[in-house]
Amino acid sequence: MSGLARDAAAFKSALHRQDYTSWHSQPPGLGQQQQQQQQAAAASSGDAESSKKKKRPKSNVVYSQPADTGTGTNVNTQLVYLVNHLKQNGNPMRLQDLAILTNTPVDTDKVLLEKFRAHDRVIHDPKTDLYSYRHDFNVRNKAALLTEIQRQTRKGGGLSVRTLKESWKEAPQAIEELEKEGEVYVTRTLKDGQMRMVFWNEVKPTEEQGGMPVEKEFHDLWHELEVPNDVDLLKALASEGLQATASAAPVVKPGGAKKKGKKSAPRHRQFRITNTHLKGTIDLSRDYVAPGK
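Residues numbered from 1 in each chain as written. Predicted model: local features only at pLDDT ≥ 70, side-chain atom pairs only at ≥ 80, totals over all residues. Heavy atoms only, no water.

Engineer: Whenever I open this one, the overall build of the chain confuses me. Can you help?
Structural biologist: Scanning the chain from N- to C-terminus turns up 10 helices and five strands. Residue burial in the chain is summarised as follows: out of 293 residues, 17% are buried. Looking at the chain alone, contacts between residues at least 24 apart form 43% of all its contacts between residues at least 6 apart. For the chain, the accessible surface area stands at approximately 25,400 Å², while carbon and sulfur atoms represent 53% of it. (Helix = DSSP H or I, 4+ residues; strand = E, 2+ residues; numbered from the N terminus. Buried < 20%, exposed > 50% of the residue type's maximum accessible area, 1.4 Å probe, protein only. Contact = heavy atoms within 4.5 Å. Areas by Shrake-Rupley, 256 points an atom, 1.4 Å probe, with all protein chains shown as cover.)

Following this line, the structure appears as structure tokens:
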């Protein structure tokens, strides 16, 4: 029994000294555990890489639209940029400032400068050497605005509020003030109530001359009235001893229509004889007939 005990002890000691570095000698439980750890590490690294890919910044470039290349190199294109900038600015500007703000060589290119000065919307002041935009109306305050509205109304028309706003940015506010004062009439759109046209109010709202707004009571009574339909309207007119007007039939003139079967007499054409040396010898107004026929 002592020999058997020694062999068992030697086997146990050899088992504890066994090297598990090789997968051939690893117990089943330990190998599966290491394999699961490796798979988890690989999965976590894959998730990190995918998250890095998802965090890439998105570009706002729309490749279907052409890129903005600035004012371009064509003289006419640069001229449009210059005039538009002068219009939007609204104040007189120096030529050097225009060249810098619009990125155009208007201060060095002679051809562009000549076209810019010859433009019908550009005003050049030789004393100050400043350039300004020529608006349709030279309006800079409320008094000048009212004078322009009066001048245009006397001609038989109003003024567009949009055109006035292009000439003077504060024109809509001034028009609203003039409307409250009773100096002008303003027409508006039905959809959003935006101002469209402005007219001068020749009749001032006074109790002696009139022009005062209608009281709300009469305003409501007027809109409460309903127009009857055609049948009821005829009955209402008949009850009052009236009748509906009818359109008059067109009068046919007795000799207007042409009679068929009659032919008008042939008209003699007038000829202008240019061969005066043949006059008296040959009748040029008649067709030529060969002799003997």
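The rest of the description comes next.
Engineer: Help me out: how do you make sense of the side chain of His135 in this one?
Structural biologist: Within the element layout of this structure, His135 appears in the loop between β2 (130-133) and α6 (142-154). The exposure class of His135 is buried, given its relative accessible area of 16%.

Engineer: Would you explain helix α4 (residues 95-102) in this entry?
Structural biologist: At 3.6 residues per turn, the α-helix brings residues three or four places apart onto the same side. Of all the positions in α4, only Leu95, Leu98, Ala99 and Thr102 are classed as buried. All buried residues of α4 lie within an arc of 100° about the axis, which places them on one face of the element. The exposed residues of α4 that point more than 90 degrees off its buried face are Ile100 and Leu101. Buried residues along α4 sit against α3 (75-89), α5 (110-117) and β2. (Arc of directions from axis to C-beta.)

Engineer: Sorry, what's going on with the packing of aromatic side chains here?
Structural biologist: Where two aromatic rings form a pair, the distance of their centres and the angle of their planes describe that pair. Tallied over the full model, the rule gives one aromatic pair. Seen from their ring centres, Phe116 and Tyr131 are 5.4 Å apart, and the 45° between their planes marks the pair as tilted. Remark: Tyr131 occurs in strand β2 and Phe116 occurs in helix α5; sequence separation between them is 15 residues. (Phe/Tyr/Trp six-rings, centres within 6.5 Å; stacked < 30°, edge-to-face > 60°.)

Engineer: Got a minute to help me understand the environment of Gly182 in this structure?
Structural biologist: Relative to the elements of secondary structure, Gly182 occurs in the loop between α8 (171-180) and β4 (184-188). Residues Gly182 and Trp200, 18 residues apart in the sequence, show an inter-C-alpha distance of 9.2 Å.

Engineer: How should I be thinking about the side chain of Thr153 in this particular structure?
Structural biologist: Secondary-structure assignment places Thr153 in helix α6. If sequence neighbours within four positions are ignored, Thr153 has contacts with Phe199, Trp200 and Glu202.

Engineer: Which parts of the structure should I look at to understand the pairing of β2?
Structural biologist: Note on strand geometry: in a regular strand, side chains alternate between the two faces of the sheet. Relative to β2, strand β1 (residues 122-125) is paired through four bridges, and the arrangement is antiparallel. By the bridge assignment, Val122 is partnered in β2 with Tyr133. In sequence, β1 turns back onto β2 through a hairpin of four residues, with Asp129 there showing a positive phi of about 55°. (Pairing = 2+ DSSP bridges.)

Taken by themselves, the reported measurements are silent on function.
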